[in-house]
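Examination of the molecular architecture
The chain contents come next:
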Amino acid sequence: MADLAEKQMDNPTFRSDTVLSDVHLHCPSKRHLMVRLNAVGQPVFLSYFKLLWSTEDLASGKHVREITTGREHQCRSGDEMCDKDRSNIKKEGELNSEGIEALLDEDGDLEVVRRPRSASDLQAEDLLRDIVCPVILMKGKEDAFEDEVQECTCSDVKIEHTMATPLEDVGKQVWRAAFLLADYILFKRDTFRSCSVLELGGGTGITSIIMGTVAKRVYCTDVGEDLLAMCEQNVALNKHLMKSGGGEIQVKELDWLKDEFCTDPEAPYSWSEEEIGDLLDHCSVIMAADVFYDDDLTDALFRTLYRITHNLKNSCTIYLALEKRLNFTLRHMDVTCEAYSHFRNTLNDLENLQDGKMKYTVEPIKLDFCQFLVYERIEQL
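Residues numbered from 1 in each chain as written. Predicted model: local features only at pLDDT ≥ 70, side-chain atom pairs only at ≥ 80, totals over all residues. Heavy atoms only, no water.

Under an unreviewed UniProt entry, the protein has the name Methyltransferase-like protein 22 and belongs to Certhia brachydactyla. Turning to the protein, the UniProt record has this under Subunit (unreviewed entry): "Interacts with members of the heat shock protein 90 and 70 families; these proteins probably are methylation substrates." Per its UniProt entry, the protein bears the Subcellular location (unreviewed entry) comment "Nucleus". (UniProt positions renumbered as here; feature names shortened; annotations may be inferred.)

The subject of this paragraph is the pattern of salt bridges. For the structure shown, the criterion picks out 13 salt bridges. Across the salt bridge formed by R193 and D190, the nearest N and O atoms sit 3.0 Å from each other. Residue R193 is classed as partly exposed on the basis of its relative accessible area, which comes to 39%. D278 serves as the salt-bridge partner of R217, at 3.5 Å between the closest nitrogen and oxygen. Taken together, the positions of R217 in strand β8 (residues 217–222) and D278 in helix α10 (residues 273–282) put the pair 61 residues apart, joining distant regions of the chain. As far as burial versus exposure is concerned, R217 and D278 are alike and both buried. If you follow the salt bridges from partner to partner, you end up with R176, D290, E323, R325 and E376 in one network. (Salt bridge = Lys/Arg side-chain N within 4 Å of Asp/Glu carboxyl O. Buried < 20%, exposed > 50% of the residue type's maximum accessible area, 1.4 Å probe, protein only. Helix = DSSP H or I, 4+ residues; strand = E, 2+ residues; numbered from the N terminus.)

On average, residues of the protein score 77 in pLDDT, and 64% of them are at 70 or above. Low pLDDT, under 50, characterises residues 126–151; the predicted model gives this stretch 37 contacts beyond four residues in sequence or across chains. (pLDDT = per-residue confidence, 0-100. Contact = heavy atoms within 4.5 Å.)

Inspection of α10 places E275, I276, D278 and L279 among the buried residues, and these make up the whole buried set. Along the axis of α10, the buried residues cluster in a sector spanning 160°; they form a single face. Summarising the geometry of α10, the exposed residues directed more than 90 degrees from the buried face are E273 and E274. Summarising the contacts, the buried residues of α10 are in contact with β7 (196–199), β8, β9 (248–253) and β10 (283–289). (Arc of directions from axis to C-beta.)

One open sheet accounts for five strands, arranged β9-β8-β7-β10-β11; its pairing is parallel. A single partner strand is all that each edge strand has here, and the edge strands are β9 and β11 (317–321). Each strand of the sheet is rotated relative to its neighbour by a mean of 20°, with strand direction disregarded. Relative to β11, β10 is paired through five bridges, and the arrangement is parallel. Paired with A288 across the strands is L320, a residue of β11. (Pairing = 2+ DSSP bridges. Axes fitted to C-alpha atoms, helices over the stretch in contact; angles between N-to-C directions.)

What follows is about helix α9 (residues 225–237). Taking 1.5 Å of rise per residue, the 13 residues of α9 would be expected to cover 18 Å, and the 18 Å separating its terminal C-alpha atoms lies within 8% of that figure. The set of residues buried in α9 consists of D226, L227, L228, M230, C231, N234, V235 and L237. Close packing links the buried residues of α9 with β2 (33–37), β3 (43–50), β5 (156–161), α8 (206–211), β8 and β9. (Expected span 1.5 Å × (residues − 1).)

Turning next to the packing of helix α11 (residues 295–311) against helix α12 (residues 338–351). At a minimum axis distance of 10 Å, the contact between α11 and α12 shows a crossing angle of 25°. Accordingly, the angle class assigned to the pair α11 and α12 is roughly parallel. The element α11 and its partner α12 pack so that their crossing is right-handed. Contacts between α11 and α12 involve D295, T298, D299 and F302 from the former and E338, A339, H342, F343, T346, L347 and L350 from the latter. Split into classes, the residues belonging to the contact of α11 with α12 amount to five nonpolar, three polar and three charged. (Parallel < 35°, antiparallel > 145°, perpendicular 65-115°, else oblique. Left-handed = near helix turned anticlockwise from the far one by under 90°. Nonpolar A, V, L, I, M, F, W, Y, C, P; charged D, E, K, R; others polar.)

Right, let's get into the packing of aromatic side chains. The final tally for this structure, using the stated rule, is 13 aromatic pairs. When the ring of F179 is compared with that of Y375, the centres are 5.3 Å apart and the planes differ by 20°; the resulting orientation is stacked. Taken as a pair, F179 in helix α6 (residues 176–187) and Y375 in the segment after α12 lie far apart in primary sequence, 196 residues in all. Looking at F179, the relative accessible area reads 1%, which means it is buried. A ring pair is formed by Y340 and F343, whose centres lie 6.1 Å apart and whose planes are at 40°; its orientation type is tilted. Of this pair, Y340 and F343 both sit in helix α12, separated by three residues, roughly a single helical turn. You can call Y340 partly exposed: its relative accessible area is 22%. Exposure remark for F343: the relative accessible area of 4% places this residue in the buried category. Grouped by ring-pair contacts, the aromatic residues Y184, F187, F192, Y319 and F369 constitute a single cluster. Looking at R307, its charged tip hangs above the ring of F261, at a distance of 5.9 Å from the centre. (Phe/Tyr/Trp six-rings, centres within 6.5 Å; stacked < 30°, edge-to-face > 60°. Lys NZ or Arg CZ within 6 Å of the ring centre and 35° of its normal.)

Structure below.
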């Protein structure tokens, strides 16, 4: 398996339908650990996503200030400046007072101050080949990655995921809209406390895991045994996050192209009659993140939302998060976002629906709430 994995990573192949994850690129210098190959031969990586609010803070209700991503150093104590920032500003002031001439040599060339070489840099020269990401290709337990495990803390979210898949397997990757929805859950944690929640298209399960820190029960659903097994593994990897809230996460199959829940006891991740009854009797929140990329699946999702909400015992709030992905299309000869346009049109149809049974009201949420996970919150979210 290790030889096969190495061969795949040394000679990657990209087809016309290959989709690359946009999250792992945020930390290109971070080592990504390939822990295994899944059932269809795709490399599965283990990544640590930093939660900027510890589980102790979640339990005590403390607040943190909004952060700005893209900086290597963050101040976390209100608006006070860190010592490192103070020293940097002092150095910049000294440079401005002396003028740029101080950095020029006798010929007028700019002399660039180099970072002092460390012992690790000198040792790296003795390596037979350059270090590239990913650098570890092996199958084993977490204790095989001693350095990374030591760095992991109770504030880290551990997620197994892929980095490149065909379009039909994009649920195995991690997407920014899932982090955005997770941020909102942490910001409005009192709203979701002790709720019963259904996630549609849960993928790797990161949003359900964050919801599990505050909600009573979360049904994380998707399709595909391989994907659901990965999701279940991620839930097990992050049980430490849910200890304070006592939330329970159930990984289940829910196919939007079918009108009924899968209740076959022989099928993995099927529903029992008791679980379906619990969902319909107690669910008050439905959520979905970055699932609007195919028009047919968008239509199927809204049909599923309509069917489920009409069978719920109580009123329900649905939270949808997505990223507007702009693409140049030959049909329009322009940069467009057809998937987003179709989503908006379908959402308007749902809001204007008059069937005499239920009324849907749509409200946008301003994205001025705090950021609690380290990712790039771009304006297209």
